[in-house]
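This is what each chain is made of:
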Amino acid sequence: MKAENRIGYQTVEYKNKPLIAAYACAVGPREGQGPLGDQFDLVAQSPEFGQESYEKAEAALLREACHICLSKAGKGEKSIQAMLGGDLLNQIMASSLAARELKIPFLGLYGACSTMAESLLVGGMLCDGGYASPLLCTAGSHYATAERQYRYPLEYACQRTPAAQWTVTGAGAVMLSLDENSEKKPRVRLVRGCMGRVVDMGIADANNMGAAMAPAAAATLCAYFDDTKDDPRSFDRIITGDLGMVGSELLLEWSEKLGHPLPEEKMMDCGLTIFHPSQDSHAGGSGCGCAASVLCAHILPKIERGEWKKVLFMATGALLSPTTSQQGETIPGIAHAVVIEGVQE
Amino acid sequence: MQKSPSKQQFIQQYKRMVSAVTPKSKAAQGCLRAFWVGGVICVLGQVLIDVSMYFWQFSYTQGACFASISLVFLTALLTGIGIFDVIGKYAGAGTVVPITGFANAMVSPAMEFRPEGWVLGTGARLFTIAGPVLVYGIAASVLVGVIYYFLVL
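(A) The overall build of chain B, seen in detail. Of regular secondary structure, chain B possesses eight helices and zero strands. Ordering the α and β elements of chain B from the N terminus gives α-α-α-α-α-α-α-α. The C-alpha radius of gyration of chain B comes to 23 Å, more than 25% above the 15 Å expected for a compact globule of 153 residues. Across its three principal axes, chain B shows a C-alpha extent of roughly 85 × 50 × 40 Å. Counting the 153 residues in chain B, one finds 24% classified as buried. Taking contacts inside chain B between residues at least 6 apart in sequence as the whole, the part at least 24 apart equals 55%.

This is the structure we're talking about:
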């Protein structure tokens, strides 16, 4: 039997176009001081967020984002049929801790910084196929836990390279639903998704993740445009998760080389949006929470208000582990994309 | 139709693109900052030695010991209150090379892994950064000692 919702090689079509019923995000204080400061639903007073450890703080931020999302939709935890999510910790622990308290059926995902797009992609399929509705798609990250996971102790006095990126402390939750008759009229829906392939162009420098991820981003975009024959110019924005300064430039150059030039004026990168250049984040923000919080604070509201009609949201991930990096292994990159549309009234 | 380049050439092409786009660290600026901050730390050490010798009649060895202990204490304190990493970010090797770098490399993991407990957290991870320095530092000193022994013999 043929997979009837498949277009071409990597793209899927959501026949029922799941609605984005509600969305919310919670971020840390540094993000709160950034350009999107007043658009977040919750800005924590401190990176500890009232918890004993940063890991618990990360879980609490994710849980709060889910709670706010649920209350915006006016739904209880019991009515949510699935929760998908992941983070950057070993054993995706922050998501598991958050799911432990929410008691919603939980599917853990890991796609490094691409997790928000991955959860929307998979969540969209669950919803579209009639397996779960409403459901929550989530992702989160925390600067302090990611530093510990991948780099040095926080107080260790070292210099970051100019290409290094700053992990965003933040979490986002998006509720997908098939229900058209809910009281609050949702105006945004998911129409297509594109599953990324793992691409590795031999970059081994863990301080230059933009360079490691850009070829994967280019590959996913090329696959999407090949599969659907869509015109890149038909999108109001083509949004990348956390390519940062270096990766964004490489994406433009490399896509052109692969025969799919992208409209530069329509490109946007969440990692370059979340911090002011004066906030010393070097090449920009990164982490699952970067794409997740910018999506919920900035992108979805713009689509809901009708400022943007059609957006391609693609989060990129550097699938590295400190162990294999030390063994000299290069960094595999991945990028997943979803197409989000404003609902025509 | 043009023949597509081999995978290896393709990767090399990308790597060239990456090195063209990636911003480089400012080496001259870094050296200058490291030089003056590292220099100031060393002057501070010398002042501590001289002061202890002048006021408390310490021998030079005692004074040097006093200076090391003071600098280690000062670094540990500044690390603890979250100032030292800011200095290190500015000065780079200027704070790493003197004894201050070693103190910071011990105190920062001690703080970082405190939530995992005194034994498996702080205790086990205390030497995560300083460990390799100790291992190879001691190994090198043994080697030099053996060579010295035979040369003098």
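(B) Quick look at the overall build of chain A. Scanning chain A for helices and strands turns up ten helices and 15 strands. Each principal axis of the C-alpha distribution contributes one length, and for chain A these read about 55 × 50 × 40 Å. In chain A, which comprises 345 residues, the proportion classed as buried is 58%. In chain A, of all internal contacts separated by at least 6 residues, the share reaching a separation of at least 24 is 80%.

(C) Spatial organisation of the domain arrangement of chain A. Residue and element names in this part refer to chain A. Entries for chain A in the domain assignment read domain 1 (12-177) and domain 2 (188-342). Contacts between the two partners involve 52 residues from domain 1 and, on the opposite side, 55 residues from domain 2. When residues of the side of domain 1 that touches domain 2 are traced back to their parent elements, those giving at least two are strand S2 (11-13), strand S3 (19-27), helix H1 (29-32), helix H4 (115-128), strand S7 (135-141), helix H5 (143-150), strand S8 (166-167) and strand S9 (170-177). Of the residues forming the side of domain 1 that touches domain 2, the biggest block, seven residues, is contributed by H4. Of the residues belonging to the side of domain 1 that touches domain 2, the class tally is 30 nonpolar, 15 polar and seven charged.

(D) Focus on the environment of His282(A). Residues and elements named next belong to chain A. As for its placement among the helices and strands, His282 is situated in the loop between helix H8 (270-273) and strand S13 (285-286). With 20 C-beta atoms counted inside 10 Å, the residue His282 sits in the buried group. Between the C-alpha atoms of His282 and Gly124, which are 158 residues apart in sequence, the distance is 34 Å.

(E) Region of the structure containing helix H2 (residues 54-73) of chain A. Residue and element names in this part refer to chain A. In this model H2 runs 29 Å from its N-terminal to its C-terminal C-alpha over 20 residues, within 8% of the 28 Å that 1.5 Å per residue would give. When you tally the buried positions in H2, you get 15 out of 20 residues, the bulk of the element. Following H2 by one or two positions, Gly74 has its phi on the positive side, about 65°.

(F) Main features of the confidence of the model for chain B. The predicted model of chain B has a mean per-residue pLDDT of 91, with 97% of residues at 70 or higher. Quick note on the complex model: pTM equals 0.92, ipTM equals 0.87.

(G) The domain arrangement of chain B, seen in detail. As far as domains go, chain B holds domain 1 (29-100) and domain 2 (113-153). Domain 1 of chain B and domain 2 of chain B are separated by 21 Å when their C-alpha centres are compared.

(H) Region of interest: the environment of Cys296(A). Residues and elements named next belong to chain A. In this structure, Cys296 sits in helix H9 (residues 288-304). Among the residues examined, Cys296 registers 29 C-beta atoms within 10 Å and is labelled buried. Remark: the alpha-carbon pair of Cys296 and Gly172, spanning 124 residues in sequence, is separated by 6.3 Å. Excluding its chain neighbours within four sequence positions, the residues that come into contact with Cys296 are Tyr23, Ala24, Cys25, Gly172 and Val174.

(I) How the structure looks around the interface of chain A and chain B. Listed by partner, the interface residues are 24 residues for chain A and 27 residues for chain B. Of all the elements in the fold, those that place two or more residues in the side of chain A that touches chain B are helix H6 (209-228) and helix H7 (244-257) of chain A. The dominant element in the side of chain A that touches chain B, judged by the number of residues it contributes, is H7(A), at five residues. Grouping the constituent residues of the side of chain A that touches chain B by class yields 14 nonpolar, five polar and five charged.

(J) Main features of the pairing of S9(A). All names here are of chain A. Summarising burial for S9: eight of the eight residues are buried, a large majority. Here S9 shows a buried face lined by Gly170, Gly172, Val174 and Leu176 and a second buried face lined by Ala171, Ala173, Met175 and Ser177. The sheet contact formed by S3 and S9 spans eight bridges and is antiparallel. Bridge pairing in S9 places Ala22 opposite Met175. Sheet topology places S7 next to S9; seven bridges connect them, and they run antiparallel. Each bridged residue has a counterpart across the sheet, and for Gly140 the counterpart in S9 is Ala171.

(K) Looking closely at the nonpolar core. Judged by nonpolar contacts, the single largest core of 125 residues is most densely connected at Cys69(A), Ala291(A) and Phe313(A). Here this core takes 13 residues from H6(A), the largest share from any one element. Both domains that furnish three or more residues to this core are identified here as domain 1 (12-177) and domain 2 (188-342) of chain A. Excluding its chain neighbours within four sequence positions, the residues that come into contact with Cys69(A) are Ala22(A), Tyr23(A), Ala24(A), Leu136(A), Ala173(A) and Met175(A). Judged by nonpolar contacts, the second largest core, of ten residues, contains Tyr156(A), Phe84(B), Ala103(B) and Ile129(B).

Criteria and thresholds
Residues numbered from 1 in each chain as written. Chains lettered and ligands numbered in written order. Predicted model: local features only at pLDDT ≥ 70, side-chain atom pairs only at ≥ 80, totals over all residues. Helix = DSSP H or I, 4+ residues; strand = E, 2+ residues; numbered from the N terminus. Rg over C-alpha atoms; globule rule 2.2 N^0.38 Å. Buried ≥ 20, exposed ≤ 12 C-beta atoms within 10 Å, placed from the backbone. Contact = placed C-beta atoms within 7 Å. Domains from an automatic or database assignment. Nonpolar A, V, L, I, M, F, W, Y, C, P; charged D, E, K, R; others polar. Expected span 1.5 Å × (residues − 1). pLDDT = per-residue confidence, 0-100. Pairing = 2+ DSSP bridges. Core = buried A, V, L, I, M, F, W, Y, C linked by C-beta atoms within 7 Å.

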